[in-house]
Amino acid sequence: MDATRLYEISQKHMWLPFTQMKDYEEAPLIIESGEGIVLRDIYGNEYLDGYSSLWLNVHGHRRPEINQAIKEQLEKIAHSTLLGAANVPSIQLAEKLIEISPDNLTRVFYSDSGAESVEIAIKMAYQYWQNKGKEKKTKFVTLANGYHGDTVGAISVGSIDIYHRVYSALMFDSFAVPFPSASWHPSGDGQTAKEESLAAMQTLFKESHNEIAGLVVESMVQGAGGMHIMPPGYLKELERLCRAFNILLIVDEVATGFGRTGKMFAVEHEDVAPDIMTVAKGITGGYLPIAATLTTEEVYAAFYGDYAEMKTFFHGHSYTGNQLGCAAALANLDIFEKEEVVKQAAEKAEYIAKLLAEIAELPHVGEVRQLGFMCGIEVVKDRTTKEPFPSEERVAYRATLRMRELGMLTRPLGDVIVFMPPLVSSYEQLTRMAGIMKQAMLEIADSPVV
Ligand code: PLP
């Protein structure tokens, strides 16, 4: 099908996720192929993948080893259900995931997306306490500004404003404790923000631990909330409080897992052992939709018994544990091991920090935040007062459109420009992407609204 026809059909029949279609009409993009960290559209234009195709892609597009693993699996079988019957690559992947995750985690429950892995975590924690005879423990605690996916359960434990404005009547209530960010705290002091957040958490736990099933937090970095990083020691303290008050610690590694923060999982920064851990995105290197919820033997054991006891975990979808996805994930993890990807990413992250330090000096940059390959650049009207641009000007969005013209793709989060390239990006590619971001931000911030 030629490019014109593809374009016409996309305008007529497509409805893209999380996209205002008027925006898409004005700035359409249709990807046809990719290689390494480069994506190519139907007109032959090339773009550096500055957001890893939504934070997924790790080793680049069309990695021969992953392609080959999928082809080999195709020759055996594409899919059979995981309901009541395991399959070969899902078993092999479970072993691998347990090997690389915190030592206390022993069980793998598969799903198809990050949001679903969180839905599962919530349902699992809820039912865990029911199965143990603690019927009152039904509530969840979260951190303000958190994001855990866009399904109804996941938005109920998230606090991104748009969901609460649009879907509130569908959602269940959760407790939200302030995230310890120096930039939001009136004192501007990170230590005070941390102490106050922990004190609020402790008070809440003390008063309501009999009702609280679990604490759900993103691991070290609030991604979709704008790349806000937890201060050192904070996550470890949350772990301690959860243990002290008998509350399950649910850590969401959907965005941070698989090397993204310079460790295989971000919990390793604080040596934290969650009761439940969710993973997705980078698990298949950005190839196929596999996610997983990992948990301890203690949690698993609460679901084990005769069917009539109603302890079974009631969750599972048609494509859960798909063989092609699991085969891709195994090949992906193999590359991690063979090429010491995490170690190299940690080294490259130091170089990214240098590039970002230059961007931090630009006239309309309020703050630059980074942990490993997870970076956010906050665009402001006034860098001294941190006054934002009026939201209707959509400066960060316009900057990303300009970056597209200059040959790099990314997506903004409100006023924050995301920079999350594949971990295999070369030093030269990182430099080029930083150059594009710099140019676009210099040009766009002062130009009139389009
Ligand atoms: N949890 C976190 C921390 C995320 O960042 C995301 C997506 O960005 C999700 C969950 C949802 O993942 P998915 O888009 O695969 O449903």
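None of the values given here were measured: they were computed from a predicted structure.

About the thresholds
Within each chain, residues carry numbers counting from 1 in the order of the written sequence. The model is predicted, so local features are restricted to residues of pLDDT at least 70 and side-chain atom pairs to those at 80 or more, both for listing and for counting; the totals for chains, interfaces and linings are taken over all residues. In this text, helices come from DSSP runs of H or I with a minimum length of four residues, and strands from runs of E with a minimum of two, each type numbered from the N-terminal end. The exposure scheme places C-beta atoms from the backbone and then counts, for each residue, the other C-beta atoms within 10 Å of its own, assigning buried at 20 or more, exposed at 12 or fewer, and partly exposed in between. With C-beta atoms placed from the backbone, a contact is any residue pair whose C-beta atoms sit within 7 Å. In this analysis, strands are considered paired if DSSP registers two or more bridges between them. Lines are fitted to the C-alpha atoms to define the axes, a helix being fitted only along its stretch in contact, and any angle between axes, read from their N-to-C directions, falls within 0 to 180 degrees. UniProt positions are given in the numbering used here, feature names are shortened, and annotations may be inferred rather than shown by experiment. Angle categories are assigned with fixed cut-offs, so that under 35 degrees is roughly parallel, over 145 is roughly antiparallel, 65 to 115 is roughly perpendicular, and the rest are oblique. It is the rotation of the near helix from the far one that decides the hand of a crossing: anticlockwise by less than a right angle makes it left-handed, clockwise makes it right-handed. Gly counts as polar in this scheme, as do all residues outside two lists: the nonpolar Ala, Val, Leu, Ile, Met, Phe, Trp, Tyr, Cys and Pro, and the charged Asp, Glu, Lys and Arg. Start and end positions for the domains come from either an automated domain assignment or a database one. Here, nearness means that the C-beta atom of a residue, built from backbone geometry, sits within 6 Å of the molecule or strand in question.

### Quick notes on the overall build of the protein chain
Here is step 1 of the chain: For the protein chain, the count of helices and strands is 15 helices and 17 strands.
Here is step 2 of the chain: With respect to the three principal axes, the spread of C-alpha positions in the protein chain is 65 × 60 × 45 Å.
Here is step 3 of the chain: The burial tally for the protein chain puts 47% of its 450 residues in the buried class.
Here is step 4 of the chain: At a minimum sequence separation of 6, the contacts of the protein chain that also span at least 24 residues come to 70%.

### Digging into the sheet that holds strand β10 (residues 248-252)
Here is step 1 of the chain: The 7 strands lie next to each other as β4-β12-β11-β10-β7-β5-β6, forming an open sheet whose pairing is mixed. Strands with a single pairing partner mark the edges of an open sheet, and in this sheet they are β4 (105-111) and β6 (175-177). Each neighbouring strand pair of the sheet contributes to a mean axis angle of 20°, computed without reference to strand direction.
Here is step 2 of the chain: Across 4 bridges, strand β11 (residues 276-279) lies against strand β12 (residues 291-296) in antiparallel orientation. In the sheet register, threonine 278 faces β12, and the bridge partner there is threonine 293.
Here is step 3 of the chain: Sheet strands in contact with helix α5 (residues 88-100) are β4 and β12, and its direction is about 135° off that of β4.
Here is step 4 of the chain: On the sheet, helix α10 (residues 234-244) packs against β7 (212-218) and β10 and is oriented at approximately 150° with respect to β10.

### Considering the UniProt feature "binding site: substrate" (unreviewed entry) in the protein chain
Here is step 1 of the chain: UniProt annotation of "binding site: substrate" (unreviewed entry) refers to Tyr147, Lys281, Gly316 and Arg411 when read in the numbering used here. Spanning 265 residues, the named residues are also spread out in space, since their farthest C-alpha pair is 31.5 Å apart.
Here is step 2 of the chain: Along the chain, the position of glycine 316 falls in the loop between α11 (297-301) and α12 (323-338).
Here is step 3 of the chain: Setting aside its immediate chain neighbours within four residues, glycine 316 contacts Leu82 and Leu83.
Here is step 4 of the chain: Position of arginine 411 relative to the elements: it lies in the loop between β15 (408-409) and β16 (412-413).
Here is step 5 of the chain: Given 16 C-beta atoms within 10 Å, arginine 411 falls into the partly exposed group.

### As for unusual backbone geometry
Here is step 1 of the chain: Phi at arginine 62 takes a positive value of approximately 55°, unusual for a residue other than glycine.
Here is step 2 of the chain: Looking at the element boundaries, arginine 62 is found in the loop between α3 (52-55) and α4 (64-74).
Here is step 3 of the chain: Despite not being glycine, phenylalanine 258 has its phi angle at roughly 60°, a positive value.
Here is step 4 of the chain: Positionally, phenylalanine 258 belongs in the loop between β10 and β11.

### A look at the packing of helix α13 (residues 341-359) against helix α15 (residues 427-444)
Here is step 1 of the chain: Relative orientation of the contacting elements α13 and α15 amounts to 20°, with a least axis distance of 10 Å. Taken together, the axes of α13 and α15 lie roughly parallel to each other. The element α13 and its partner α15 pack so that their crossing is right-handed. Of the residues in α15, those in contact with Lys348, Tyr351, Ile352, Leu355, Glu358 and Ile359 of α13 are Tyr427, Leu430, Thr431, Ala434, Met437 and Lys438.
Here is step 2 of the chain: Taken together, the residues that form the contact of α13 with α15 break down as 8 nonpolar, 1 polar and 3 charged.

### Concerning the domain arrangement of the protein chain
Here is step 1 of the chain: According to the domain assignment, the protein chain contains domain 1 (3-59 + 340-444) and domain 2 (67-338).
Here is step 2 of the chain: The centre of domain 1, based on its C-alpha atoms, is set 26 Å off from the matching centre of domain 2.
Here is step 3 of the chain: With 24 residues of domain 1 in contact, the opposing surface of domain 2 contributes 25 residues.
Here is step 4 of the chain: The leading source of residues in the side of domain 1 that touches domain 2 is α13, at 5 residues.
Here is step 5 of the chain: Among the residues forming the side of domain 1 that touches domain 2, the class breakdown is 15 nonpolar, 7 polar and 2 charged.

### Description of the environment of proline 28
Here is step 1 of the chain: Take proline 28: it is sitting in the loop between α2 (21-26) and β1 (31-35).
Here is step 2 of the chain: Apart from residues no more than four positions distant in its own chain, proline 28 is found in contact with Tyr7 and Ser10.

### Details of the site of the ligand
Here is step 1 of the chain: The full set close to the ligand counts 14 residues, and Gly114, Ala115, Gly149, Val254 and Ala255 are the nearest of them.
Here is step 2 of the chain: Counting residues per element, the shell around the ligand draws most heavily on helix α6 (residues 114-131), which supplies 3 residues.
Here is step 3 of the chain: The residue makeup of the shell around the ligand, split by class, is 7 nonpolar, 5 polar and 2 charged.

### Side note on the UniProt feature "binding site: pyridoxal 5'-phosphate" (unreviewed entry) in the protein chain
Here is step 1 of the chain: According to UniProt, the feature "binding site: pyridoxal 5'-phosphate" (unreviewed entry) maps to Gly114, Ala115, Asp252, His317 and Ser318 in the numbering used here. Spatial dispersion of the annotated residues is evident: they stretch over 205 residues in sequence, and the largest pairwise C-alpha distance comes to 23.5 Å.
Here is step 2 of the chain: Residue position: aspartate 252 is located in strand β10.
Here is step 3 of the chain: According to the C-beta neighbour criterion, aspartate 252 is buried, with 32 such atoms within 10 Å.
Here is step 4 of the chain: Setting aside residues up to four positions removed in sequence, aspartate 252 forms contacts with Val118, His148, Val216, Val217, Glu218, Ser219 and Thr278.
Here is step 5 of the chain: Of note, histidine 317 is situated in the loop between α11 and α12.
Here is step 6 of the chain: Since 15 C-beta atoms lie within 10 Å of it, histidine 317 is described here as partly exposed.
Here is step 7 of the chain: If we ignore the near neighbours within four places in the chain, the residues touching histidine 317 are Ser111 and Asp112.

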